[in-house]
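Secondary and tertiary structure notes
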Amino acid sequence: MVAPLTGAATRAHLRRATRAETNGLTPPRAGQPVVWAAAKGANVLDLEGNRYLDVTSGFGVAAIGHRHPEVVAAVRRQAGRLIHGLGDAHAHPWRSELAQRLAAKVPITAARVAFAVSGADAVELAIKTALLATGRNHLLAFVPSYHGLTLGALAVTSRRAFRQVVDPYLHSEVSVLPYGCPLSRIEATLRRRKVAAIIVEPIVGREGVLVPPAGWLAGLAEACRRHGALFIADEVLTGCGRTGRWFAVQHDGAEPDVICCGKALGGGLPIAAVAGRGALMEAWNEPGEARHTATFVANPLACAAALASLRVLERDRLVARAAALGKVIGRALAQWSARYSFVDEVRGRGGLWGIEFADRQTAAEFVGRSRRHGLLMLAGGPEGRVAQLSPPLVITDRQLACALDILSAVAGELSAVE
């Protein structure tokens, strides 16, 4: 850290942003005044010249690191050939290749792939697939959960603050149960209602990093099949190796009917996808125009970046690296709830961890102090009490040790002022 966080360049940018942007939608975030100027690997450079370790991976996007040279090269090559096509109307080779690669990776037999432009869009597509394929209209979701902020995704997202402004317009046929609740409660709902699909995060991400009980996801899948419902796994954050398996449902041996992926898939470019059992995806096979699409779906630049990202994940064994990171982080934080009175629990798996604090203020102070030490992290969960760690899977051992040292130092600072 070589300059104040809110130096002249940052203040000038925030003034311009405040004048030009709708602050209620994209706030300047007082208390989080870092303005990114560049990023590479696990590092972020701000407008003041400060360098940070980023353990957010840019909301989980930079699993292979920011600005990976092979993604940059792939995008440059692609830009010289084809930047934009005709979305769903005309195919291009990179789209077809990416669909084949994803179909081979997902834990679904005979999978077929459809593309989306964001994680929320993928969730919309997955929900529509369930409604179309089953002829039912009821959904079962969990609290806490975060599936996105478009209307369909928001209907199965739990946080009231996100939902309240549009509550009257959300899909009303949704049952909600506690995440990780006994399977008997889920079975009772499936018997009582004609449920089209259960949608679940195999590990809850933004809403607190919750790991389900062993066998719970497999039990969900079995219950769905007994009652004619589909099992949708929202792996927008947890997919592409984040938790130490290609997809988090694989930790439990569960096979979903439909799976959503995004974030890390594009290596930094916006792209998402839905994969489902072939027979289910055939429900979309009707004449006429596509019934769920977008102008920029399967954009050639994003497809090229995603192909490069998958190659790096495979070649550099980053899924195994995520599992190794989890062991180091888990050991380093294992005693925190016993050592610090302000820490309630530490939980996670692979490259996704959460530190739950006793109150929102302490979590915010922890995140703010970490930032001043050069570590970028975010607080999440329904009450903002969980500091989340989701570092790039390419973070070096030295960088990880530095990040953990900063966390320990900040925890010590908070303990000293109690």
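For the structure itself, look to the data block above.
No experiment lies behind these values; they were computed from the predicted model shown. Residue numbers here run from 1 along each chain, matching the order of that chain's written sequence. Totals for whole chains, interfaces and linings use every residue, but because this is a predicted model, local features are given only for residues with pLDDT of at least 70 and side-chain atom pairs only at 80 or more, for both listing and counting. Excluded from the side-chain calculations are hydrogens and water; all other atoms, namely the structure's heavy atoms, are used.

Here we look at the pattern of salt bridges
Salt-bridge detection follows one rule: a side-chain nitrogen of Lys or Arg within 4 Å of a carboxyl oxygen of Asp or Glu. In total, this model carries 21 salt bridges according to the counting rule given. Salt-bridge contacts for R385 lead to E383; the nearest nitrogen and oxygen are separated by 2.6 Å. Partly exposed describes any residue whose relative accessible area lies between the buried limit of under 20% and the exposed limit of over 50%, with all areas from a 1.4 Å probe on protein chains only and scaled to the type maximum. Exposure remark for E383: the relative accessible area of 46% places this residue in the partly exposed category.

Looking at the side chain of D121
Turning to its location among the elements, D121 is positioned in helix α5 (residues 119-134). Within the buried set, D121 has no salt-bridge partner at all; the shortest N-O distance to an opposite charge, 6.9 Å, is to K128. The contacts of D121, once residues within four sequence positions are left out, are A116 and H292. A run of DSSP states H or I qualifies as a helix once it reaches four residues; a run of E qualifies as a strand once it reaches two. Both are numbered from the N-terminal end. Under the counting rule used here, the positive set is Lys and Arg, the negative set is Asp and Glu, and His together with the chain ends is not counted. The contact criterion used is simple: two residues touch if any of their non-hydrogen atoms lie within 4.5 Å.

Comments concerning the pairing of strand β3 (residues 51-54)
Strand pairing is assigned whenever DSSP detects at least two bridges linking the two strands. Two elements, strand β2 (residues 43-46) and β3, share three bridges in a ladder whose sense is antiparallel. Counted as the bridge partner of L45 is R51 from β3. Taking the residues between adjacent antiparallel strands as the criterion, β2 and β3 are bridged by four residues, where G49 takes a positive phi near 95 degrees. The sheet contact formed by β3 and strand β13 (residues 375-376) spans two bridges and is parallel. Paired with D54 across the strands is L376, a residue of β13.

Focus on the side chain of T56
Position of T56 relative to the elements: it lies in the loop between β3 and α2 (57-60). Classification of T56 as buried rests on a relative accessible area of 9%. A polar atom in the side chain of T56 sits 2.5 Å from the side chain of D54. At a separation of 2.9 Å, a polar atom in the side chain of T56 contacts the main-chain amide nitrogen of G58. With sequence-adjacent residues up to four places away left out, T56 is seen in contact with L376, M377, L378 and S390. As used in this structure description, the phrase polar contact means that two N or O atoms lie within 3.5 Å; if the pair is within protein, one of them must be able to donate a hydrogen and the other to accept it, and residues adjacent in sequence are counted only when both atoms belong to side chains.

Let's talk about the nonpolar core
The criterion is simple. A nonpolar core is a set of buried Ala, Val, Leu, Ile, Met, Phe, Trp, Tyr and Cys residues joined through side-chain atoms within 4.5 Å. Counting residues in hydrophobic clusters, the biggest one holds 91 residues, and the most contacted among them are I186 and F366. Looking at this core, the element that brings in the most residues is helix α11 (residues 300-315), giving ten residues. Not counting the four nearest positions on each side in its chain, F366 is found in contact with W336, I355, F357, M377, A387, L407, V410, A411 and L414. A120, A126, L139 and L230 belong to the second-largest nonpolar core, a separate cluster that totals 29 residues.

Let's talk about the packing of aromatic side chains
We call Phe, Tyr and Trp rings a pair once their centres come within 6.5 Å, taking the six-membered ring for Trp, and we label the pair stacked below 30 degrees between planes, edge-to-face above 60, and tilted otherwise. According to the stated counting rule, one finds nine aromatic pairs in the structure shown. When the centroid spacing of 5.3 Å and the interplanar angle of 20 degrees are considered together, the rings of Y340 and F342 count as stacked. For the pair formed by Y340 and F342, the shared burial category is buried. Over the ring of Y146 we find R206; its NZ or CZ atom is 4.6 Å from the centre of that ring. Look at NZ for Lys and CZ for Arg. If either is within 6 Å of the ring centre and within 35 degrees of the ring normal, a charge sits over the ring.

Remarks on the sheet that holds β3
Strand order in the open sheet made by the four strands is β1-β2-β3-β13, with mixed pairing throughout. Because the sheet does not close on itself, it has two edges, and the strands there are β1 (36-40) and β13. Examined bridge by bridge, β1 and β2 share four bridges and lie antiparallel to one another. Bridge assignment links W36 to a residue of β2, and that residue is D46.

Considering the environment of A73
As for its placement among the helices and strands, A73 is situated in helix α3 (residues 69-79). The exposure class of A73 is partly exposed, given its relative accessible area of 29%. The spacing of A73 and A153 is 80 residues in sequence and 34 Å in space, taken between C-alpha atoms.

Some remarks on the packing of helix α14 (residues 360-372) against helix α15 (residues 397-416)
Fitted lines through C-alpha atoms give the axes, limited to the stretch in contact for helices. The angle between two N-to-C directions lies from 0 to 180 degrees. Axis separation between α14 and α15 bottoms out at 10 Å; the angle between their running directions is 130 degrees. By the angle between their directions, the pair α14 and α15 is classed as oblique. Crossing of α14 over α15 shows right-handed handedness. Contacts from T362, E365, F366, R369 and S370 of α14 reach α15 at I406, L407, V410, A411, E413 and L414. In the contact of α14 with α15, the residues fall into six nonpolar, two polar and three charged. Our angle categories are set so that under 35 degrees counts as roughly parallel, over 145 as roughly antiparallel, 65 to 115 as roughly perpendicular, and the remainder as oblique. Here a crossing is called left-handed whenever its near helix is offset anticlockwise from the far helix by less than a right angle, and right-handed whenever the offset is clockwise. Classification used: nonpolar for Ala, Val, Leu, Ile, Met, Phe, Trp, Tyr, Cys and Pro, charged for Asp, Glu, Lys and Arg, polar for all others including Gly.

Focus: the packing of helix α8 (residues 183-192) against helix α9 (residues 216-227)
Across the interface, α8 lies against α9 with an axial gap of 10 Å and an inter-helix angle of 20 degrees. Viewed along their axes, α8 and α9 adopt a mutual orientation that is roughly parallel. Judged by the twist between their axes, the crossing of α8 over α9 is right-handed. For the pair α8 and α9, the contacting residues are L183, I186, E187, L190 and R191 in the first and W216, G219, L220, A223, C224, R226 and H227 in the second.

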